[in-house]
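Report on the structure
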Amino acid sequence: MQRTCVIYESKYGTTEEIAGAIALVLGPARTCRPEEFTDDLTSFDLFVIGTPIYNGNIAPSVRRFVETNARWLKKKPVALFCTCLNIPKGRSYLAELQDYLGKDVPAVAFGGRLDTAKLDRDDRTALTLYARKTDFVLEDRDLTSMRAVAAFALALREKNECLEGRVPEDELLTGIETFLRSHRTGVLATGHGDRVRATPIDYIYANGMVYIYSEGGEKFAHLIQNPATALAIYNDDTSPEEIRGLQLSGRAEILRPESPGHREALLLRGIDMERLAGFTIEMNVIRITPIKAEYLNAAFKKEGCAIRQVYRFPLKGSRVPLPQMP
Ligand SMILES: Cc1cc2nc3c(=O)[nH]c(=O)nc-3n(C[C@H](O)[C@H](O)[C@H](O)COP(=O)(O)O)c2cc1C
């Protein structure tokens, strides 16, 4: 597994909170301040460096850290972030660190927080003087956005996923499809707004799609508003030698009795027109087009590959369609 080290400075806690959130998304990870950094951490795979902006400057401890360690850091994937109140100007503060590490190192400015009650005397004086000279108003602000932080961390995660020991694409897809076909049950996650649902379901995997059959229920309240789904399929054995599990992100379509493809989908389940005529209630189908598979398989390790592999399915349209009914 890729390991991430998040190095940060923080006087009032905002940058620390954001560093912690980034570490959660990028984990397995470790957070530390520059003075806590030890040589054994240089073996980590990804480095994220975060600094607050004080009086138009990055934190001196972060500058020193980058200056001192630039040689080996340049050979590793690195990303930078700052927290500040002037977000549009934020990234320019990080240019100084990019001078050491390379202009193409990703850098992002996150909104910070100012809690005037917490300011120490020097900072209060500095900001009071600054407010007198400019149109800056010294008052509490909270510009933090965990949404922006999560998006940044997820993008980094996806970018670095492909650096690991990869299983060849064809072999990976075959493994994923075999796993899908050799199971029949999983947990379907659906959601919208502040509601989420994890429904144990039976499924069929055929023609590159997942088919779930349902008379109705709360999951549809989500799906009619948000077609994004995740399906978890796993073996019960969680020992490190045997662990196997798949998380399939996809887009769901609801096939009602009048929808094209409904009859063909029911046939996959062995329900033909004659049998269907005997049903008093309607049978609906959730057809999921896979977008991304995250496949954990301990066997990959024996081949010298990472046990967690990510596969992105080709866009819909390039898949083999279901044969149409006469
Ligand atoms: C003394 C002081 C000076 C600051 N100067 C700037 C600044 O020049 N530009 C800016 O955008 N934000 C500035 N800020 C806002 C901080 O960057 C923001 O509050 C940050 O989230 C603080 O991080 P921390 O909580 O990790 O210490 C300043 C804050 C303080 C306390």
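Residues numbered from 1 in each chain as written. Predicted model: local features only at pLDDT ≥ 70, side-chain atom pairs only at ≥ 80, totals over all residues.

Attention now goes to the site of the ligand. Not every one of the 23 residues close to the ligand is listed here, only the nearest: Tyr12, Thr14, Pro52, Cys84 and Gly112. Counting only elements with at least two residues in the shell around the ligand, the list comes to α1 (14-26), β3 (46-54), β5 (78-84), β7 (113-114) and α5 (121-133). Residue composition of the shell around the ligand, by class: ten nonpolar, nine polar and four charged. (Near = placed C-beta within 6 Å. Helix = DSSP H or I, 4+ residues; strand = E, 2+ residues; numbered from the N terminus. Nonpolar A, V, L, I, M, F, W, Y, C, P; charged D, E, K, R; others polar.)

The next subject is the domain arrangement of the chain. Here the chain is partitioned into domain 1 (4-161) and domain 2 (169-312). Here the C-alpha centroids of domain 1 and domain 2 sit 39 Å apart. (Domains from an automatic or database assignment.)

Right, let's talk about the packing of α1 against helix α6 (residues 146-161) for a bit. It is at 9 Å that the axes of α1 and α6 come closest, and there the two elements cross at 40 degrees. Considered as vectors, α1 and α6 are oriented oblique to each other. The two elements α1 and α6 cross, and the hand of that crossing is right-handed. Where α1 approaches α6, its residues Ile18, Ala21, Ile22, Val25 and Leu26 are matched on the opposing element by Met146, Val149, Ala150, Ala153, Leu154, Leu156 and Arg157. Tallied by class, the residues present in the contact of α1 with α6 amount to eleven nonpolar, no polar and one charged. (Axes fitted to C-alpha atoms, helices over the stretch in contact; angles between N-to-C directions. Parallel < 35°, antiparallel > 145°, perpendicular 65-115°, else oblique. Left-handed = near helix turned anticlockwise from the far one by under 90°. Contact = placed C-beta atoms within 7 Å.)

For the rest of this paragraph, the subject is helix α2 (residues 60-73). Taken as a whole, α2 carries its principal kink of about 40 degrees at glutamate 67. Every buried residue of α2 is listed here: Val62, Phe65, Val66, Asn69 and Leu73. On its buried face, α2 sits against β1 (4-8), β3, β4 (57-58), β5 and α4 (95-101). (Bend = angle between axes of the 7 residues up to and from the residue. Buried ≥ 20, exposed ≤ 12 C-beta atoms within 10 Å, placed from the backbone.)

Moving on to the pairing of strand β9 (residues 185-192). Here eight bridges tie β9 to strand β10 (residues 195-202), and the two strands are oriented antiparallel to one another. Among the inter-strand pairings, alanine 189 is bridged to a residue of β10, identified as alanine 198. In this sheet, strand β13 (residues 228-234) lies alongside β9 in antiparallel orientation, the contact comprising three bridges. Its bridge partner being in β13, leucine 188 is matched across the sheet by leucine 231. (Pairing = 2+ DSSP bridges.)

The subject of this paragraph is the confidence of the model for the chain. On average, residues of the chain score 93 in pLDDT, and 96% of them are at 70 or above. Taken together, the stretch residues 318-326 has pLDDT below 50 and engages in nine contacts with residues farther than four places along the chain or on a different chain. (pLDDT = per-residue confidence, 0-100.)

When you line up the elements, arginine 251 lands in strand β14 (residues 244-255). Contacts of arginine 251, omitting those with residues within four sequence positions, involve Pro227, Ala228, Ile288, Thr289 and Ile291.

This part is about the nonpolar core. Counting 38 residues, the largest nonpolar core has Val6, Ile22, Phe47, Val48, Ile49, Leu80 and Cys82 as the members making the most contacts within it. For this core, the elements supplying multiple residues, two or more each, are β1, α1, β3, α2, β5, α4, β6 (107-111) and α6. Each residue touching isoleucine 49, except ones within four places of it in the same chain, is listed here: Ile7, Val62, Val66, Val78, Leu80 and Leu97. Core analysis: the second largest hydrophobic core is formed by 24 residues, Leu180, Tyr211, Leu231 and Ile286 among them. (Core = buried A, V, L, I, M, F, W, Y, C linked by C-beta atoms within 7 Å.)

With that out of the way, let us pick up unusual backbone geometry. Cis geometry marks the peptide bond from glycine 27 to proline 28; its omega dihedral reads 10 degrees. Phi at asparagine 55 is positive, roughly 50 degrees, even though this residue is not glycine. Counting through the fold element by element, asparagine 55 comes out in the loop between β3 and β4.

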